[in-house]
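# Fold and geometry: a report
As a plain string of letters, each chain reads:
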Amino acid sequence: MSFEEKKLCAAAMKAMDKAYSPYSGFNVGAALATASGKVYTGCNIENASYTPTICAERTAFFKAVSDGERDFSMIAICGGKDGVISKAFPPCGVCRQVMAEFCSPSFVILVMSSKNSFDKYTLSELLPEAFTSQNLNK
Ligand code: THU
């Protein structure tokens, strides 16, 4: 695990502690690295009306983009029932689509499987043939 990967995983775990998930009990944390070396974190935030719920990954992206960031290199994601990281789970399809809006196909996604391990993917592996702004120009 590189220093940057370790730092991002630690930040994702810290963000997971902030999860607001009274309905699912599933706590998720994400830490997003900008190309310039900043880190934006996010947690899932649920709602009594269910559909307004937002995932940890999108919270991190929207915090960063609303702060003027557009260039990202990597995201670390962790989660589990009651905040226990017992196995890896892949980011949801909506979050993958948001990643595709701002990131290149080589964007790195670390999906943590325990406190000290992760599965490493590129965005193109998790979302091949993504629909992007390029498609609108054709
Ligand atoms: N969740 C995330 O935060 N990220 C994902 O990629 C998958 C699901 C959250 C949404 C909801 O609060 C809870 O996990 C259960 O679906």
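Residues numbered from 1 in each chain as written. Predicted model: local features only at pLDDT ≥ 70, side-chain atom pairs only at ≥ 80, totals over all residues. Heavy atoms only, no water.

### So, the site of the ligand
In the vicinity of the ligand, the contacting residues are Ser 24, Phe 26, Val 28, Asn 44, Glu 46, Thr 53, Cys 55, Ala 56, Glu 57, Phe 89, Pro 91 and Cys 92. Between an oxygen atom of the ligand and a side-chain N or O atom of Asn 44, the distance comes to 2.9 Å. Measuring from an oxygen atom of the ligand, one finds a backbone N or O atom of Ala 56 at 3.0 Å. Taken by itself the ligand offers 370 Å² of open surface, and the protein chains cover 79% of this. Elements represented by at least two residues in the shell around the ligand include exactly strand E1 (26-34) and helix H2 (56-66). Taken together, the residues of the shell around the ligand sort by class into seven nonpolar, three polar and two charged. (Near = heavy atom within 4 Å. Polar contact = N/O pair within 3.5 Å; in protein donor to acceptor, adjacent residues only side chain to side chain. Areas by Shrake-Rupley, 256 points an atom, 1.4 Å probe, with all protein chains shown as cover. Helix = DSSP H or I, 4+ residues; strand = E, 2+ residues; numbered from the N terminus. Nonpolar A, V, L, I, M, F, W, Y, C, P; charged D, E, K, R; others polar.)

### Re the packing of H2 against helix H3 (residues 93-102)
Interhelical geometry of H2 versus H3 gives an angle of 25 degrees and a closest axis separation of 9 Å. For the element pair H2 / H3, the angle class is roughly parallel. Remark: the crossing between H2 and H3 carries left-handed chirality. Of the residues in H3, those in contact with Glu 57, Arg 58, Phe 61, Phe 62 and Val 65 of H2 are Val 94, Cys 95, Val 98, Met 99 and Phe 102. Split into classes, the residues belonging to the contact of H2 with H3 amount to eight nonpolar, no polar and two charged. (Axes fitted to C-alpha atoms, helices over the stretch in contact; angles between N-to-C directions. Parallel < 35°, antiparallel > 145°, perpendicular 65-115°, else oblique. Left-handed = near helix turned anticlockwise from the far one by under 90°. Contact = heavy atoms within 4.5 Å.)

### Side note on the packing of aromatic side chains
Taken as a whole and judged by the stated rule, the model has four aromatic pairs. Aromatic side chains Tyr 23 and Tyr 50 sit 5.8 Å apart centroid to centroid with 55 degrees between the ring planes, which places their arrangement in the tilted category. Of this pair, Tyr 23 sits in the loop between helix H1 (3-16) and E1 while Tyr 50 sits in the loop between strand E2 (39-43) and H2, and the two are 27 residues apart along the sequence. According to the relative accessible area criterion, Tyr 23 is partly exposed, its value standing at 42%. Residue Tyr 50 is classed as exposed on the basis of its relative accessible area, which comes to 57%. Each member of the aromatic cluster is reached from another via a ring pair, and the members are Phe 61, Phe 72 and Phe 107. (Phe/Tyr/Trp six-rings, centres within 6.5 Å; stacked < 30°, edge-to-face > 60°. Buried < 20%, exposed > 50% of the residue type's maximum accessible area, 1.4 Å probe, protein only.)

### Digging into the pattern of salt bridges
Between side chains of opposite charge, a pair can form as their charged atoms come close. Per the counting criterion, the structure on display carries two salt bridges. Glu 5 is the partner of Lys 120 in a salt bridge, and the nearest nitrogen-oxygen pair spans 2.7 Å. Note that Lys 120 is positioned in strand E5 (residues 117-122) and Glu 5 in helix H1, a separation of 115 residues in sequence. Note that Lys 38 is salt-bridged to Glu 69, the shortest N-O span being 2.8 Å. Taken as a pair, Lys 38 in the loop between E1 and E2 and Glu 69 in the loop between H2 and strand E3 (72-81) lie far apart in primary sequence, 31 residues in all. (Salt bridge = Lys/Arg side-chain N within 4 Å of Asp/Glu carboxyl O.)

### Brief notes about the sheet that holds strand E4 (residues 108-114)
Read from one edge of the open sheet, five strands run E2-E1-E3-E4-E5, paired in mixed fashion. What marks the edges here is a single partner per strand, and that holds for E2 and E5. Each strand axis lies, on average, 20 degrees off the axis of its neighbour in the sheet, ignoring direction. Direction of pairing for E1 relative to E3: antiparallel, over a ladder of nine bridges. (Pairing = 2+ DSSP bridges.)

### With respect to a nonpolar patch on the surface
A cluster of nonpolar side chains, namely Tyr 20, Tyr 23, Ile 45 and Tyr 50, defines an oily patch on the protein surface of about 450 Å² accessible area. Position of Tyr 20 relative to the elements: it lies in the loop between H1 and E1. Classification of Tyr 20 by relative accessible area gives partly exposed; the value is 44%. (Patch = residues over 30% accessible without salt bridge, like charges linked within 9 Å, V, L, I, M, F, W, Y side chains within 5 Å.)

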